[in-house]
Protein chains: 2
Amino acid sequence: MARQQNVGAEQWQQWAEACLRALDFSEADARCLASSLAQTSLWGIDSHGIARLPHYLNRVVHGSILARPDIRIERSGPATAQAHGGQGHGIVVAHRANAAALELAREAGVGAVGVSNSSHCGAIGLYTRAAAREGLIGIGFTHSDAIAAPFGGRQPYFGTNPVSFAFPRQGGEPLCLDMATTSIPWNRVVNARRDGTALPAGVALDAEGRGATDAARVRALTPLGGEYGHKGYGLAMMVELLCGPLNGNPYGPHIGPMYEQLERARELGAFFIVIDPARFAGGAALAAVVAGMAAELAAQPGSPRAPGDPELAAQAQRQAWGIPVPPALKAEMAEWSGRLGQPLPPFLPPRGEA
Amino acid sequence: MARQQNVGAEQWQQWAEACLRALDFSEADARCLASSLAQTSLWGIDSHGIARLPHYLNRVVHGSILARPDIRIERSGPATAQAHGGQGHGIVVAHRANAAALELAREAGVGAVGVSNSSHCGAIGLYTRAAAREGLIGIGFTHSDAIAAPFGGRQPYFGTNPVSFAFPRQGGEPLCLDMATTSIPWNRVVNARRDGTALPAGVALDAEGRGATDAARVRALTPLGGEYGHKGYGLAMMVELLCGPLNGNPYGPHIGPMYEQLERARELGAFFIVIDPARFAGGAALAAVVAGMAAELAAQPGSPRAPGDPELAAQAQRQAWGIPVPPALKAEMAEWSGRLGQPLPPFLPPRGEA
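So, how was this worked out
Residues numbered from 1 in each chain as written. Chains lettered and ligands numbered in written order. Predicted model: local features only at pLDDT ≥ 70, side-chain atom pairs only at ≥ 80, totals over all residues. Heavy atoms only, no water. Core = buried A, V, L, I, M, F, W, Y, C linked by side-chain atoms within 4.5 Å. Buried < 20%, exposed > 50% of the residue type's maximum accessible area, 1.4 Å probe, protein only. Contact = heavy atoms within 4.5 Å. Helix = DSSP H or I, 4+ residues; strand = E, 2+ residues; numbered from the N terminus. Least-squares fit on C-alpha atoms with pLDDT ≥ 70 in both. Domains from an automatic or database assignment. Expected span 1.5 Å × (residues − 1). Arc of directions from axis to C-beta. Salt bridge = Lys/Arg side-chain N within 4 Å of Asp/Glu carboxyl O. Pairing = 2+ DSSP bridges. Axes fitted to C-alpha atoms, helices over the stretch in contact; angles between N-to-C directions. Buried area = accessible area lost by both parts, 1.4 Å probe. Polar contact = N/O pair within 3.5 Å; in protein donor to acceptor, adjacent residues only side chain to side chain. Phe/Tyr/Trp six-rings, centres within 6.5 Å; stacked < 30°, edge-to-face > 60°. Right-handed = clockwise from strand over helix to strand, strands pointing away.

Right, let's get into the nonpolar core. Within the largest apolar cluster, 100 residues are counted, with the highest numbers of intra-cluster contacts made by Ile273(A) and Ile273(B). Among residues more than four places away in sequence, those in contact with Ile273(A) are Val110(A), Gly111(A), Ala112(A), Ile137(A), Gly138(A), Ile139(A), Phe141(A), Ile139(B), Ile273(B) and Ile275(B).

Below, the structure is given as structure tokens:
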């Protein structure tokens, strides 16, 4: 069996940009997409990082993601806008929509931007962190095709519908929560199928609605909360309404599947709310209080981790050692290198991570 | 042992208003507070309904909740405002702040209002539903004193920090999620202590950080998610930052306790975001799509409940049969009737509910 190797984030990004340019992406959009995926993998979020590029390239080739989309940001009021994604790549569209929300927040104190007719936008924490790095509070939501069973239900209905919040932190990276409203994200199932590994118990159902750990048999995830899964399910529903129906997009089972029907546009949405702390009584001190609270929490009995701590730890390690590339992913990369005439990036021996 | 009786919502409300008026609340504020608590109990949310009035009255008598607060709504931009609660009752302050957010949303498309120097604001779904009844999308957050252990921690740090979202639903009540970010709300522990009942397993810790079901021994709740409780914990932290530090309020363990130090002002906050669907591409059809989605979900295998369904079922029953009053609560009501010279409302024999 082939061994896993690593790839340097910059080397991978150059390769990805070359592949996207070969498929007619603009230089700016290729960089935006490739750097976002590299960053996500540096955070250790393998479900949403470099592993997804082959799929995205495949959708571009099949015509359901446009390399040169007509993205329009239509302002609809002093603090709102609708971003029409023009069937572009979801990461490119979401960065544009989120940037508009930042601008609105600076003007009006809060900005809300909905996204329509887009595609999978990767890790939603990319956008909330971008707001927090500018001293603003980022809130983001996105949805996907039916993969989570309702609480008490047996078949998929909503996506894993993540929510993210990020706050500026004085002297450090933003404090960022980025969580699926299921116990695990669907792309962990995809990766487990690719790598032949098992899932934890209690997080997924088979085709008959029974608990399952064999990734090949899994047909639905269960909502966050276990016995109190009505809460994860309720959150998923609220995220769905903000991302789907509010923007005129389809919802739940009416959304085309991510990994099938590759010619069909995804028609996915997202929703971004950005808040300017300066408009509130504690705004001036907020970033310092965030840093103080995080430090106080880390010193509690049991040393609880803060949201985002694992991402920052992974980033420090992967910047030094590279991003792990499982054999199946390396094979996909080699295939695209061949198809697009772009030489593979150099691979490094694996270090540290299994 | 005394048996539980029921009380009619209107009769209870009249009694509560008379008690509040006797403590110098204005007619409007007494009605606002009493009707909110009666409505919450009609929804079946016994943790946040009429059972809390004796405690609130006690805080008024001890001077930490002011009957005649100077509540100021200070506009800070085209879409934002800071509500200074003036140490008023949290429910009165929150209704005013939320009304300001509705007004801002109508003007700017989205409105965000933070609350400072307030007190316990009851069920946060009161406010989001108020927005949804006006055709808007309501999002609300509030916090409380330290009662939930961090994921991986052993001692309380955050409150049960609930989040709520409500959407307008054509031909029906708003679709509303109102959830604590712990598996159960703290007031269920308070009621279990009062009534001598046990808690479910896996939701609470004792003073040493071990799992506990005896309400008398419980010192902390665990975050929503069980094994994936880093998500409930992360949500609680984000809610805390929006409600506490952003508004210049204290946070977590620095907040005065609800049921002790009755002379000490709570200095609690809240945060309301209201969105006007008309500013987004799917806004015109939203309420109809919400109704259609809820109906489609109810017809799924397993007949999953939607968020808010239990509340609507409880309301239909309690409007007919009255609100249950456990013996210990009736004794508290009798004591306040005596102290304030207000005759008790008529009680009804118990029906239907245990």
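There's more to say after this.
What follows covers the environment of Ile139(A). Residue placement: Ile139(A) occurs in strand 5 (residues 137-142). Separated by 27 residues in the primary sequence, Ile139(A) and Ala166(A) place their C-alpha atoms 6.7 Å from one another. Beyond its immediate sequence surroundings of up to four residues, Ile139(A) is in contact with Thr128(A), Ser164(A), Phe165(A), Phe271(A), Phe272(A), Ile273(A), Ile275(A) and Ile273(B).

Attention now goes to the relation of the copies chain A and chain B. Mapping chain A onto chain B calls for a rotation angle of 180 degrees and an axial translation of 0.0 Å; the resulting RMSD is 0.0 Å. Here the transformation between the copies is reduced to the relation of a two-fold axis. Closest approach to the rotation axis among the C-alpha atoms of chain A is made by Gly225(A), whose C-alpha sits 2.0 Å away. When the interface residues of chain A are mapped onto chain B, 100% of them again fall at the interface, so both copies present the same face.

We now examine the domain arrangement of chain A. According to the domain assignment, chain A consists of domain 1 (1-62 + 322-354), domain 2 (69-183 + 227-305) and domain 3 (191-221). Once you take the C-alpha centre of each, domain 1 of chain A and domain 3 of chain A turn out to be 26 Å apart.

The next subject is helix 10 (residues 327-340) of chain B. All names here are of chain B. Here helix 10 is 14 residues long and its end C-alpha atoms lie 20 Å apart, about the 20 Å a rise of 1.5 Å per residue gives. Every buried residue of helix 10 is accounted for by Leu329, Met333, Trp336, Ser337 and Leu340. Each buried residue of helix 10 lies within a common arc of 105 degrees when the element is viewed along its axis, so the set occupies one face. On the buried face of helix 10, the contacting elements are helix 1 (9-22), helix 3 (53-61), helix 6 (186-195), strand 11 (323-325) and strand 12 (347-348).

What follows deals with helix 5 (residues 125-133) of chain B. Residues and elements named next belong to chain B. Burial of helix 5 is extensive: 7 of the 9 residues sit out of reach of the surface. Looking at helix 5, one finds that the buried residues are Gly125, Leu126, Tyr127, Thr128, Arg129, Ala131 and Ala132. Positive backbone phi, at 85 degrees, marks Gly135, one or two positions downstream of helix 5.

Attention now moves to the pattern of salt bridges. Residues and elements named next belong to chain A. Considering all chains together, one arrives at 29 salt bridges over all chains under this definition. Residues Asp145 and Arg266 are paired through a salt bridge, measuring 2.7 Å at the closest nitrogen-oxygen approach. In this pair, Asp145 is assigned in the loop between strand 5 and strand 6 (163-167) and Arg266 in the loop between helix 7 (229-243) and strand 10 (268-275), connecting sequence segments 121 residues apart. Given a relative accessible area of 15%, Asp145 falls into the buried group. Take Arg266: its relative accessible area is 3%, and that puts it in the buried class. Asp195 serves as the salt-bridge partner of Arg194, at 2.8 Å between the closest nitrogen and oxygen. For Asp195, a relative accessible area of 34% gives the class partly exposed.

Here we come to the sheet that holds strand 7 (residues 175-179) of chain A. Residue and element names in this part refer to chain A. Read from one edge of the open sheet, 7 strands run 2-3-4-10-5-6-7, paired in mixed fashion. The strands lining the two open edges of the sheet, one partner per strand, are strand 2 (72-77) and strand 7. In this sheet, adjacent strand axes meet at a mean angle of 15 degrees when their direction is disregarded. The pairing of strand 3 (residues 80-84) with strand 4 (residues 110-118) spans 5 bridges and is classified as parallel. Looking across to strand 4, one finds that Gln82 is bridged to Gly114.

Moving on to the environment of Ala287(A). You can see Ala287(A) is positioned in helix 8 (residues 286-298). Contacts of Ala287(A), omitting those with residues within four sequence positions, involve Pro168(A), Arg169(A) and Gln170(A).

This brings us to the interface of chain A and chain B. You'll often see interface size given as the accessible area lost when the parts meet. Contacts between the two partners involve 79 residues from chain A and, on the opposite side, 79 residues from chain B. In this assembly, chain A packs against chain B so that about 6500 Å² is buried in total across both faces, 74% of it on carbon and sulfur atoms. Taken as a group, Lys231(A), Met238(A) and Phe280(A) account for 11% of the area that chain A buries against chain B, more than any other trio of residues on that side. Here chain A is connected to chain B by 0 salt bridges. Summed over the shared surface of chain A and chain B, the result is 18 residue pairs in polar contact (both at pLDDT 80 or more). Considering each element in turn, the side of chain A that touches chain B owes the most residues, 8 residues, to helix 7 of chain A.

Moving on: the environment of Gly202(B). Residues and elements named next belong to chain B. Tracing the chain through its elements places Gly202 in the loop between helix 6 and strand 8 (204-205). Judged by relative accessible area, Gly202 falls into the exposed class, the value being 66%. Separated by 168 residues in the primary sequence, Gly202 and Ala34 have C-alpha atoms spaced 34 Å apart.

Right, let's get into the packing of aromatic side chains. Applying the stated criterion to the full structure yields 12 aromatic pairs over all chains. Taking 6.3 Å as the distance between ring centres and 55 degrees as the angle between the ring planes, the aromatic pair formed by Trp12(B) and Trp15(B) counts as tilted. Taken together, the residues Trp12(B) and Trp15(B), both in helix 1 and 3 residues apart, mark about one turn of the helix. On the basis of relative accessible area, Trp12(B) is assigned to the buried category, the value being 0%. What makes Trp15(B) buried here is its relative accessible area of 4%. Arranged with centres 5.4 Å apart and planes meeting at 65 degrees, the rings of Tyr127(B) and Phe272(B) form a pair that is edge-to-face. You can see Tyr127(B) sitting in helix 5 and its partner Phe272(B) sitting in strand 10 (residues 268-275), a full 145 residues away along the chain. One exposure class covers both Tyr127(B) and Phe272(B), and it is buried. Every member of this aromatic cluster is reached through a ring pair, and the members are Tyr157(A), Phe158(A) and Tyr233(A).

Residue and element names in this part refer to chain A. With 5 of its 5 residues buried, strand 3 lies for the most part within the structure. Of the two faces of strand 3, the one lined by Thr80, Gln82 and His84 and the one lined by Ala81 and Ala83 are each fully buried. Adjacent in sequence and paired antiparallel, strand 2 and strand 3 are bridged by 2 residues. Handedness of the β-α-β unit built from strand 3, helix 4 (residues 90-108) and strand 4 comes out right-handed.

This part takes up the sheet that holds strand 1 (residues 5-7) of chain B. All names here are of chain B. Pairing within the open sheet is antiparallel, and its 3 strands lie in the order 11-1-12. Among the strands making up the open sheet, the edge pair consists of strand 11 and strand 12. Sheet topology note: the strand 1/strand 11 ladder contains 3 bridges and is antiparallel. Directly across from Asn6, in strand 11, lies its bridge partner Pro324.

On to unusual backbone geometry. Residue and element names in this part refer to chain B. Of note in this structure, Asp24 is not a glycine but carries a positive phi near 85 degrees. Positionally, Asp24 belongs in the loop between helix 1 and helix 2 (27-42). At Asn161, a residue that is not glycine, the phi angle is positive and equals roughly 25 degrees. Checked against the element boundaries, Asn161 lands in the loop between strand 5 (137-142) and strand 6 (163-167).

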